[in-house]
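Architecture at a glance
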Amino acid sequence: MKICIDAGHYGKYNRSPADGRYYESDLTWKLHLLQKKYLEAYGVQVVTTRSDKNTDRGLYDRGAASRGCVLFISDHTNAVGTGVNNSVDYPAAYCAINGSADGIGMALAQCVERVMGTQQPARIEHRRGQNGDYYGVLRGATSVGTPGLILEHSFHTNKQVVRWLMDDGNLDRLARAEAETIALYYNLIDPIPEKKSGWREEDGGWRFYLGNTGEPVRNDWYKDGEDWYWFDGAGMMVHDTWKAGNDGKWYFLNPDGTMAWNQWAVWKGNLYWLTKDGSMFEGEMCMSTDENGAFIPWNVTRKMTEVPLKKEPVKRAMDGNAGETVRRKACKRIKKSRKTRKFKKKKYKKTLRF
Ligand SMILES: [Zn+2]
């Protein structure tokens, strides 16, 4: 569905006698862009009559720009006389004389009355000229078969009205309510807020949205497939840094955000080992290389040395402490920790008993 919206005037036009900062052209320009935004949320295709606020375009042309649209709206604020008149404030829709826009015209004028809280009730009007509609924009709209109307958003000759219209929050509410009115009139379905789900690249990083709530994971871990991720309070995936777990242990988040486990990690020029549960390893480890000279991670080395010990208990007993010395020499200390060393010693003794 297509709707054509026309900002009533161009440049700086129709200054309010009640407040010199107000121009009808400024107001209708802002308003028509907001209406566009809210109508588009309903899936409406919106055509505007000007791409530039400061360029004039003929009245008839603007109306005729609505070819293929279901509705043409020209936004205005009204005036009574040239001075201030605080007693006149009725919203009005000047509808095409063929009656094609009467229904939506009344609905929109009443919407303006309701949102602005005018003293006088909304009305619709028709004005006949010598060649059909008096108003050029409506003649243009009718010429291409579009129901057209001019919507007067109360009067800029009224001080209270001007004050209300100069509030951007009010203008936003007005535009939103008008889009709602149009949606209701044309049976458009409420825009369903998009429920986000899964990974989204936004705000310079990544978030993970839970499908059931549409909310991102915040201040929490989330396991996606085989990998764990941590998200901060803003829901952003944290990466290439450490995260203290509730267990008091440190976990490393790889540059790609995955929690490191059973792997080495280089961080700020230092090498760390992350264990199978992902916690940072502290202590000593024995390292040996494979047939290609590559280091085998500590836990793999342990398994490999333990197996032959169990198989040859007699030989181990005979070698006695010599075996332990050899192994100790092969140990590479990554971090000195007395406690861990003691623990290790005990462990080795235990191994030797086999
Ligand atoms: Zn006007």
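Helix and strand counts for the protein stand at ten helices and 20 strands. Put simply, the protein has 354 residues, and 29% of those count as buried.

Here we come to the environment of E125. Looking at the secondary structure, you find E125 in strand β5 (residues 123-125). Exposure remark for E125: the 13 C-beta atoms within 10 Å place this residue in the partly exposed category. Between the alpha carbons of E125 and D102 there is a distance of 8.7 Å; along the sequence they are 23 residues apart. Not counting the four nearest positions on each side in its chain, E125 is found in contact with A92 and Y94.

This brings us to the sheet that holds strand β3 (residues 71-78). The mixed open sheet is built from six strands, whose spatial order is β2-β1-β3-β8-β4-β5. Two strands close off the open sheet at either side, each with one partner strand: β2 (45-48) and β5. With strand direction ignored, the average angle separating the axes of adjacent strands in the sheet is 25°. Inspection of the sheet shows strand β4 (residues 92-95) paired to β5 by three bridges, in the parallel sense. Residue pairing across strands places A93 opposite I124, the latter belonging to β5. Each of β3, β4, β5 and β8 (148-155) is contacted by helix α3 (residues 102-116), which is oriented at about 165° to β4, the strand it contacts most.

This part is about unusual backbone geometry. We note that N187 has phi near 55°; this positive angle belongs to a residue other than glycine. Locating N187 in the fold gives a position in the loop between α6 (168-185) and β9 (198-202). You can call N187 exposed: it has 6 C-beta atoms within 10 Å. Here K268, not a glycine, exhibits a phi torsion of approximately 50°, which is positive. Locating K268 in the fold gives a position in the loop between β15 (263-267) and β16 (270-274). Residue K268 is classed as exposed on the basis of its 6 C-beta neighbours within 10 Å.

Across its 18 residues, helix α1 (residues 24-41) extends 26 Å between first and last C-alpha, which sits within 8% of the 26 Å expected from 1.5 Å per residue. Turning to α1, its buried residues number three or more, namely E24, S25, D26, L27, T28, W29, L31, H32, Q35, Y38 and L39. Looking at the buried positions of α1, the neighbouring elements they touch are β1 (2-7), β2, β3, α5 (159-165) and α6.

Here is the key point about a regular strand: its side chains alternate between the two faces of the sheet. Bridge count between strand β13 (residues 241-244) and strand β14 (residues 250-253): four bridges; the pairing is antiparallel. Bridging across to β14, W242 finds its partner in F252.

Spanning 15 residues, α3 covers 21 Å between terminal C-alpha atoms, matching the ideal 21 Å at 1.5 Å per step. Where α3 is concerned, the buried positions are I104, G105, L108, A109, C111, V112, E113 and M116. Tucked inside the fold, the buried residues of α3 contact β3, β4, β5, β8, α5 and α6. Once α3 finishes, G117 follows within two positions and takes phi at roughly 65°, a positive value.

Quick look at the pairing of β2 now. Two elements, β1 and β2, share four bridges in a ladder whose sense is parallel. From the neighbouring strand, C4 faces β2, where its bridge partner is V47. Since β1 and β2 lie parallel, the crossover through α1 that links them has a hand, and here it is right-handed.

With that settled, consider the nonpolar core. If you look at the biggest cluster of nonpolar residues, it comprises 45 residues, and the most contacted ones within it are I3, A93, A109, L149 and I150. Ignoring anything within four residues of it in the chain, the contact list for I3 reads L39, V44, V46, C69, V70 and L71. Grouped together as the second largest cluster of nonpolar side chains are twelve residues, F208, W230, F231 and Y251 included.

Attention shifts here to the packing of α3 against α6. It is at 9 Å that the axes of α3 and α6 come closest, and there the two elements cross at 150°. Crossing of α3 over α6 shows right-handed handedness. Contacts between α3 and α6 involve G103, I104, A107, L108, C111, V115 and M116 on the former and, on the latter, R173, L174, A177, E178, T181, I182 and Y185. Classifying every residue of the contact of α3 with α6 gives ten nonpolar, two polar and two charged.

With respect to the helices and strands, L31 occurs in helix α1. Linking L31 and L171, residues 140 residues apart in sequence, is a C-alpha distance of 6.6 Å.

The next subject is the environment of P17. Of note, P17 is situated in the loop between β1 and α1. Put simply, P17 and A79 are 62 residues apart on the chain and 9.6 Å apart in space, counted from C-alpha to C-alpha. Excluding residues within four positions of it along the chain, P17 makes contact with T82, G83, V84 and T157.

Let us look at the packing of α1 against α6. Interaxial distance between α1 and α6 falls to 8 Å at its minimum, and their mutual angle equals 45°. By the angle class used here, α1 and α6 are oblique. In the crossing of α1 with α6, the sense of the turn from one axis to the other is right-handed. Counted together, K30, L31, L34, Q35, Y38 and L39 of α1 and L171, D172, L174, A175, R176, E178, A179 and I182 of α6 form the full contact between these two elements.

Rules and cut-offs
- Residues numbered from 1 in each chain as written.
- Predicted model: local features only at pLDDT ≥ 70, side-chain atom pairs only at ≥ 80, totals over all residues.
- Helix = DSSP H or I, 4+ residues; strand = E, 2+ residues; numbered from the N terminus.
- Buried ≥ 20, exposed ≤ 12 C-beta atoms within 10 Å, placed from the backbone.
- Contact = placed C-beta atoms within 7 Å.
- Pairing = 2+ DSSP bridges.
- Axes fitted to C-alpha atoms, helices over the stretch in contact; angles between N-to-C directions.
- Expected span 1.5 Å × (residues − 1).
- Right-handed = clockwise from strand over helix to strand, strands pointing away.
- Core = buried A, V, L, I, M, F, W, Y, C linked by C-beta atoms within 7 Å.
- Left-handed = near helix turned anticlockwise from the far one by under 90°.
- Nonpolar A, V, L, I, M, F, W, Y, C, P; charged D, E, K, R; others polar.
- Parallel < 35°, antiparallel > 145°, perpendicular 65-115°, else oblique.

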